[in-house]
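# Fold and contact review
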Amino acid sequence: MQTVLIIDDHPLFRAAIRDIVGRLFAAKGWDATYREASSFQEAFDHAAATPDLDLVTLDICLPDSNDLSGLLRFRAIAPATPIVVISAIEERDTIVRAMLCGAVGFIPKASSMDAMIEGLQVVLAGGVYLPPGTEPIRRDSDHAGGDTGVALTPRQAAVLEKLVEGKSNKQIARELAISDMTVKVHVTAILRSLGVETRAQAIVAVRGDGLAGRQAVGV
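Residues numbered from 1 in each chain as written. Predicted model: local features only at pLDDT ≥ 70, side-chain atom pairs only at ≥ 80, totals over all residues. Heavy atoms only, no water.

### Quick word on unusual backbone geometry
Here A177, not a glycine, exhibits a phi torsion of approximately 60°, which is positive. By the secondary structure assignment, A177 is in the loop between helix 7 (169–176) and helix 8 (180–194). Owing to a relative accessible area of 71%, A177 belongs among the exposed residues under this scheme. (Helix = DSSP H or I, 4+ residues; strand = E, 2+ residues; numbered from the N terminus. Buried < 20%, exposed > 50% of the residue type's maximum accessible area, 1.4 Å probe, protein only.)

### Comments concerning the packing of helix 1 (residues 11–28) against helix 5 (residues 113–124)
Interhelical geometry of helix 1 versus helix 5 gives an angle of 60° and a closest axis separation of 10 Å. Classified by the angle their axes make, helix 1 and helix 5 are oblique. Relative to helix 5, helix 1 is oriented so that their crossing is right-handed. Where helix 1 abuts helix 5, its residues F13, D19, I20, V21, R23, L24 and F25 lie against M113, M116, I117, L120, Q121 and L124. Looking at the contact of helix 1 with helix 5 residue by residue, the class counts come to 10 nonpolar, 1 polar and 2 charged. (Axes fitted to C-alpha atoms, helices over the stretch in contact; angles between N-to-C directions. Parallel < 35°, antiparallel > 145°, perpendicular 65-115°, else oblique. Left-handed = near helix turned anticlockwise from the far one by under 90°. Contact = heavy atoms within 4.5 Å. Nonpolar A, V, L, I, M, F, W, Y, C, P; charged D, E, K, R; others polar.)

### A short note on the environment of G105
Structurally, G105 is set in strand 5 (residues 105–108). On a C-alpha basis, the gap between G105 and I86 in space is 8.4 Å, while along the polypeptide they are 19 residues apart. If we skip the residues at most four places from it in the chain, G105 touches I83, V84, V85, M99, V123 and Y129.

### Overview of the pairing of strand 1 (residues 2–7)
Counting buried residues along strand 1, 5 of its 6 residues qualify, which places the element largely inside the surrounding structure. Sheet topology note: the strand 1/strand 2 (residues 32–37) ladder contains 6 bridges and is parallel. Across the sheet, residue I7 finds its bridge partner in strand 2, namely A37. Handedness of the crossover joining strand 1 and strand 2 through helix 1: right-handed. Alignment of strand 1 against strand 3 (residues 55–58), held across 4 bridges, turns out to be parallel. (Pairing = 2+ DSSP bridges. Right-handed = clockwise from strand over helix to strand, strands pointing away.)

### Side note on helix 8
Over its 15 residues, helix 8 extends 21 Å from the first C-alpha to the last, a length consistent with the 21 Å expected when each residue adds 1.5 Å. Listed in full, the buried residues belonging to helix 8 are V183, H186, V187, A189, I190, L191, S193 and L194. Looking at the buried residues of helix 8, the elements they touch are helix 4 (92–100), helix 6 (154–164), helix 7 and helix 9 (199–207). Positioned one or two residues after helix 8, G195 has a phi angle of 70°, which is positive. (Expected span 1.5 Å × (residues − 1).)

### Brief notes about the packing of aromatic side chains
This structure, assessed with the given rule, holds 3 aromatic pairs. Here F25 and W30 contribute two aromatic rings whose centre-to-centre distance is 5.2 Å and whose plane-to-plane angle is 65°, an arrangement assigned as edge-to-face. Considering the side-chain rings of F44 and F74, the 6.3 Å spacing of their centres and the 35° angle between planes classify their relative orientation as tilted. With F44 in helix 2 (residues 40–49) and F74 in helix 3 (residues 69–77), this pair connects stretches of sequence that are 30 residues apart. Residue classification places F44 among the buried residues on the basis of a relative accessible area of 7%. For F74, a relative accessible area of 1% corresponds to the buried category. A connected cluster of aromatic rings, assembled from ring pairs, spans F40, F44 and F74. Its guanidinium or amino end placed over the ring of W30, K28 lies 5.4 Å from that ring's centre, counting from NZ or CZ. (Phe/Tyr/Trp six-rings, centres within 6.5 Å; stacked < 30°, edge-to-face > 60°. Lys NZ or Arg CZ within 6 Å of the ring centre and 35° of its normal.)

This is the structure in structure tokens:
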């Protein structure tokens, strides 16, 4: 029995995703049980109650968060669960950041049913799915600067989540039960992966522009 968590604040779209996933699973002869959430908090509660989730589909713009911090927190809570972002946002920068923050697939909401099924098939087979036409995310060895395309580890995602919350290295170390030096090592790796130079820039990369960017200036 496969357990799927569908996170989206629009009931009709949750139903559409459930239908698409159901068709895909039926074709594979799989039975499934579904959980649904309309906010990140509901999603976190489901993840805590159901630690053996097999698939999560996630809209990154929800009433209680409209940036990637929710994805980071979910990745820290469920490090082994494949997360597919299904979003109306299609900018390459957002796609790259989402993949770095722990998603294994990114499907635009404007995609056809066949395209969504294809993306989910790739992920369920253990692969990574990007929208057609999206330039592959490059690795460190491919270029000297810019986004590295190296996905964050679950521990790095947890550290970045705390950075986004404005926590200091000492606070992060205490809350994650690791040393200050380990936090510094993780922060260095996070900055390199995000292709930025400062903590403030990392926060802006996750939270976007506007108010989040202004808040990050004082971090």
